[in-house]
Amino acid sequence: MARNRTGVLGVFPHLDGATEAITRLREQGYAVTTYSPTPRHEVEEALELPESAVRIFTLMGAFTGSAAGAALAIWASLDWPLIVGGKEIVSLPAFSVIIFEVTILLGALSTVAGLLITGRLPRIGGGEGLYHPSFTAGRFGVFAHAGPEQVGQAQTIMTESGSEEVLVDQG
Amino acid sequence: MATEELRSVFHPDVANYEQVNRDAMRLLSKPGPGYLALLGLCVTLVVIMVIAFAHEVYYGIGFAGITNPSGWGTFITTFVFWVGIGHAGTLISAILFLFRAPWRQAIYRLAEAMTVFAVLTAALFPIIHIGRPWFFYWLLPLPSERGIWPNFRSPLLWDVFAVTTYLTVSSVFFYIGLIPDIAAARDSTTVPWRKKAYTILSLGWRGTDREWKNFTRAYLFLAALATPLVLSVHSVVSWDFAVSIVPGWHTTIFAPYFVAGAILSGVAMVVTIGVPLRKIFRLEAYLTELHFDRMAKLLLLTSTIVGFAYGMEYFMAWYSAELFERDVFFDRVFGQYWWAGWSMISFNALVPQLLWIPKIRKNLTAFFIISTFVNIGMWYERFVIIVPSLSHSYEPWKFLNYHMSYTEAAILLGSFGWFFMWMLLFLRFLPSLSIAEIKEILPPPLKKHDAHAHALDDHDVRVVEELPTGYKEFERR
């Protein structure tokens, strides 16, 4: 859904005020971006967010890691076949440690890549919508993406839900 | 009932979200002379270490006292010691996260920083110990002109993989957890260069729904990956010993024994750092008695496991009826290293048993002293495992009494300077209280009480135990 870059930002001192505004705005068909100082499931519930895609990155990274670890140990041992301590050239019990560590390594790194991609980080420049520094302290923010004709209605909803400050970005 | 009256059971003195930010930012203010003096001391120790290391490189590894049969002296002892210190950080940040223990929130950042810096310290030692540090890349599986590769069946190569993975994953985990808090620091700081640095480091974090949703998931998966990793790392370190046939090393108990010991030493280090920090920065509202009580129980548990392992080692040595095995274990407590052997047993297994007494457990000074004993005792444990076994193995003509050289002593001392230097810098430059996660266990600000999905039926209750968000999501499914 294409979202307006302009809109109305409500700064809420209370969590339930913010969730009320989210619910009411979504009923009116607004696209909503929220800001919170800490993850709250009430906000996620009000937004009805789909499951995060990070898990796919983790799984793919871990599988790639297992394959890469096994391939490295097996191929390198076959590349210069040298019997050590009477063990097989391809000694899987010993290689399991390598396979395990590379699984974790690539799983973790691709989880981070997944976070950066799905979370759209790092945010270069201003990003979309208004922001207020109190959102990392104790305030909850609700930004309603709205065109110029919808601003009035969004402002009313914000104020009625208990926003202590309403900011408007007309673009 | 006014919402302000609701308090978290863990932080009854924390009134609201804003207070967490204020208190965390207090640590990032201009340092006093005491801090600078400590930092100066640490840097001096690092300089001493660098000089000692330069001497060792110039004159050769023998100058540091590394010789046969004690090829692994203080350096490897200290390596294992620092890797072990790191383990409590991952335990508190990842394992307790998966177990949904809300008391971890206040201390985990500190413990996690400790992990990263301890592993960073440990990583120095293999490099120092190889004597020709410019060849350190021979440890890595890189193609050479002869097409020969490292031996993948060797525990020493497993160790390279385990420790580098651990350093990478714990650094990444540490940094990812820091992002929302660096953003909080960015939004509140007034110092221009700090604002610029925090803006870059926070990656432009704003705490949007999209960011939090993916962040909480990614954090959960990182914790799930770090948990088996931390158990594997010290197991692999223990296999450096257990896979060889040196008497005193060749036992199957080593992996769990080392992991329990690692957690014991790490928790002790968290306490050793946490108690003075709480006092100096007046963090009583965050590092409460409850936190220290739980850490005392963790210390007691791991100390008991370690004590059991000590007993089991002696039992197995006797029961195996193996001459060399019995001799090494006899030598540990009655031989030339009897002082190290008895220090290890009394500091790690006996002294912490005092924590059974609630009065001692609640007395932070006593707890601090006990944790210091454990720190020393755990260094001795690694010393006792490594040195007496090597210097007293099969053939009497190979016996050699090992003494720590001045070079080794200087590098050991310098490693503490190196570790605490990073810790001190961390305290002043990055948020050492996990701002966003402490807020997870505080009751959220509400205008009307019953709107809270998990509101209390009994309005007389003044404290609530808020669990991390993920738990509620789990419950909901």
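Let us look at the structure shown here. (Residues numbered from 1 in each chain as written. Chains lettered and ligands numbered in written order. Predicted model: local features only at pLDDT ≥ 70, side-chain atom pairs only at ≥ 80, totals over all residues. Heavy atoms only, no water.)

A few words on the sheet that holds strand S2 (residues 31–35) of chain A. Within a sheet, adjacent strands bond to each other through the backbone by hydrogen bonds, running parallel or antiparallel. Residue and element names in this part refer to chain A. Across the sheet, four strands lie side by side as S2-S3-S1-S4; this open sheet has antiparallel pairing. Strand pairing shows two members of the sheet lacking a second neighbour, S2 and strand S4 (165–169), which therefore form its edges. Put simply, the sheet's adjacent strands are angled 20° from each other on average, direction ignored. For S2 and strand S3 (residues 140–145), the ladder comprises five bridges, and the chain directions are antiparallel. Across the sheet, the residue bridging to Ala31 is His145, located in S3. The sheet strands contacting helix H5 (residues 151–161) are strand S1 (7–12), S3 and S4, and the helix crosses S1 at an angle near 5°. (Pairing = 2+ DSSP bridges. Helix = DSSP H or I, 4+ residues; strand = E, 2+ residues; numbered from the N terminus. Axes fitted to C-alpha atoms, helices over the stretch in contact; angles between N-to-C directions. Contact = heavy atoms within 4.5 Å.)

All names here are of chain B. Two elements in contact, helix H4 (residues 104–129) and helix H14 (residues 406–429), have axes whose closest approach is 10 Å; the angle formed by their N-to-C orientations is 145°. Note on packing geometry: the crossing formed by H4 with H14 is right-handed. Counting all contacts with H4, which are made through Arg109, Leu110, Ala113, Met114, Phe117, Ala118, Leu120, Thr121, Leu124, Phe125 and Ile128, the residues of H14 involved are Ile411, Ser415, Trp418, Phe419, Trp422, Met423, Phe426 and Leu427. Partitioned by chemical class, the residues of the contact of H4 with H14 number 16 nonpolar, two polar and one charged. (Left-handed = near helix turned anticlockwise from the far one by under 90°. Nonpolar A, V, L, I, M, F, W, Y, C, P; charged D, E, K, R; others polar.)

If you look at the biggest cluster of nonpolar residues, it comprises 192 residues, and the most contacted ones within it are A:Leu25, B:Trp82, B:Ile176, B:Phe241 and B:Phe419. Ranked by residue count, the leading element in this core is helix H5 (residues 155–188) of chain B, at 18 residues. For B:Trp82, the residues in contact, after removing those within four places along its chain, are B:Ala118, B:Thr121, B:Ala122, B:Phe125, B:Met269, B:Ser415, B:Phe416 and B:Phe419. In terms of nonpolar packing, the next biggest core, distinct from the first, is built from six residues, A:Leu9, A:Tyr35, A:Phe135 and A:Phe143 among them. (Core = buried A, V, L, I, M, F, W, Y, C linked by side-chain atoms within 4.5 Å. Buried < 20%, exposed > 50% of the residue type's maximum accessible area, 1.4 Å probe, protein only.)

Residues and elements named next belong to chain A. For Val142, the location among the structural elements is in strand S3. Separated by 108 residues in sequence, Val142 and Thr34 have C-alpha atoms that sit 4.5 Å apart. With near-sequence residues (within four places) excluded, Val142 lies in contact with Val8, Leu9, Gly10, Phe12, Ala18, Ile22, Leu25, Val32, Thr33 and Met158.

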